[in-house]
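Inside the fold
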Amino acid sequence: MSKSGDTFTGEITVSSRIVDYLSSGLYKDPAACLKELINNSYDADATRVEVLVQPDADRIIIHDDGSGMDRGEFVRHFERVSQSYKRMKSDRTRSGRPIVGRIGIGFIAANEICDTMEVFSTKRGSTELLHVTINFDAMRADEAERIRGSEGEELKKADYAGEVLSAPLSHHYTRLFLIRV
């Protein structure tokens with residue numbers, strides 16, 4: 001029982017279930033999903049973004065000439081969703097654009113329109129080509145199967161497998177293949 005004059009402090013946190021709820025079904029319209037992925041290109045300082053729809057192949061390709069990412073950046077940005085690292089240093093990109101991304105769930109938009117997303121990315125000045133395949137089947141599984149952590153504080157959103165390959169030094173880009181659209 002508290003006595004008058006007792007003080008206390010604490011921390012307000014957000015349940016992973018809230019993030020799961022917000023990031024599943026967030027985008028009702030396929031165009032909104034694509035817009036989120038294109039916003040990521042904008043935040044990567046892309047000057048050119050191409051969107052190719054291949055209905056016969058059941059896929060959409062988004063290609064940009066932005067700054068790209070390496071393995072470490074992929075892991076930091078995507079292993080723990082809902083923490084945007086874009087704004088850690090500044091609210092502007094390297095070229096001075098205002099950053100569009102806010103909470104780090106934009107890439108999950110892809111799960112609304114495809115089963116698998118393949119990422120190919122290179123960074124300026126690097127000879128490494130990042131290749132990652134993200135399988136969104138986990139997002140469609142029952143919540144009880146997706147619980148992680150001793151107290152169920154995290155939920156699995158997707159599985160991924162990646163590799164680092166070789167790329168020409170002069171290239172820098174990101175290509176997203178949205179598969180089984």
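Report on the accompanying structure. Everything quoted here is computed from the prediction, not taken from an experiment.

**Focus: the pattern of salt bridges**
Applying the stated criterion to the full structure yields 3 salt bridges. The partner of Arg-48 in a salt bridge is Glu-50, and the shortest N-O contact between them spans 2.7 Å. A relative accessible area of 29% places Glu-50 in the partly exposed class. Here Asp-115 makes a salt bridge to Arg-180, at a shortest N to O gap of 3.3 Å. A residue pair is termed long-range when its members are at least 10 positions apart, and Asp-115 in the loop between α3 (71-78) and β3 (116-122) and Arg-180 in the segment after β8 (173-179) qualify at 65 residues.

**Overview of the nonpolar core**
Judged by nonpolar contacts, the single largest core of 22 residues is most densely connected at Met-117, Ile-134 and Leu-178. Elements that contribute at least two residues to this core include exactly α2 (30-43), β2 (59-64), α3, β3, β4 (128-135) and β8. The residues contacting Met-117, other than those within four sequence positions of it, are Phe-107, Ala-110, Val-132, Thr-133, Ile-134, Phe-136, Leu-176, Phe-177 and Leu-178. Counting residues in hydrophobic clusters, the runner-up holds 6 residues, among them Leu-129, Ala-167, Tyr-173 and Phe-177.

**Structural notes on α3**
Those residues of α3 that sit buried are Glu-73, Phe-74 and Phe-78. Down the axis of α3, the buried side of the element spans an arc of 100 degrees, and every buried residue falls inside it. Against the buried residues of α3 lie β4 and β7 (159-166).

**Examining the packing of aromatic side chains**
In the structure shown here, the tally under the stated rule is 2 aromatic pairs. Considering the side-chain rings of Phe-74 and Tyr-160, the 5.0 Å spacing of their centres and the 75 degrees angle between planes classify their relative orientation as edge-to-face. Taken together, the residues Phe-74 in helix α3 and Tyr-160 in strand β7 connect sequence positions 86 residues apart. Both rings, one in Phe-120 and one in Phe-177, keep their centres 5.6 Å apart while their planes meet at 75 degrees; by these two values the pair is edge-to-face. Of this pair, Phe-120 sits in strand β3 while Phe-177 is found in strand β8, placing the two residues 57 residues apart along the sequence. Residue Phe-177 is classed as buried on the basis of its relative accessible area of 14%. In this structure, Arg-97 packs its charged tip against the face of Tyr-42, placed 4.6 Å from the ring centre. Sitting above the plane of the Tyr-173 ring, Arg-175 keeps its charged end 4.3 Å from the centroid.

Conventions we followed
- Residues numbered from 1 in each chain as written.
- Predicted model: local features only at pLDDT ≥ 70, side-chain atom pairs only at ≥ 80, totals over all residues.
- Heavy atoms only, no water.
- Salt bridge = Lys/Arg side-chain N within 4 Å of Asp/Glu carboxyl O.
- Buried < 20%, exposed > 50% of the residue type's maximum accessible area, 1.4 Å probe, protein only.
- Helix = DSSP H or I, 4+ residues; strand = E, 2+ residues; numbered from the N terminus.
- Core = buried A, V, L, I, M, F, W, Y, C linked by side-chain atoms within 4.5 Å.
- Contact = heavy atoms within 4.5 Å.
- Arc of directions from axis to C-beta.
- Phe/Tyr/Trp six-rings, centres within 6.5 Å; stacked < 30°, edge-to-face > 60°.
- Lys NZ or Arg CZ within 6 Å of the ring centre and 35° of its normal.

What is shown is where atoms sit, not what they do.
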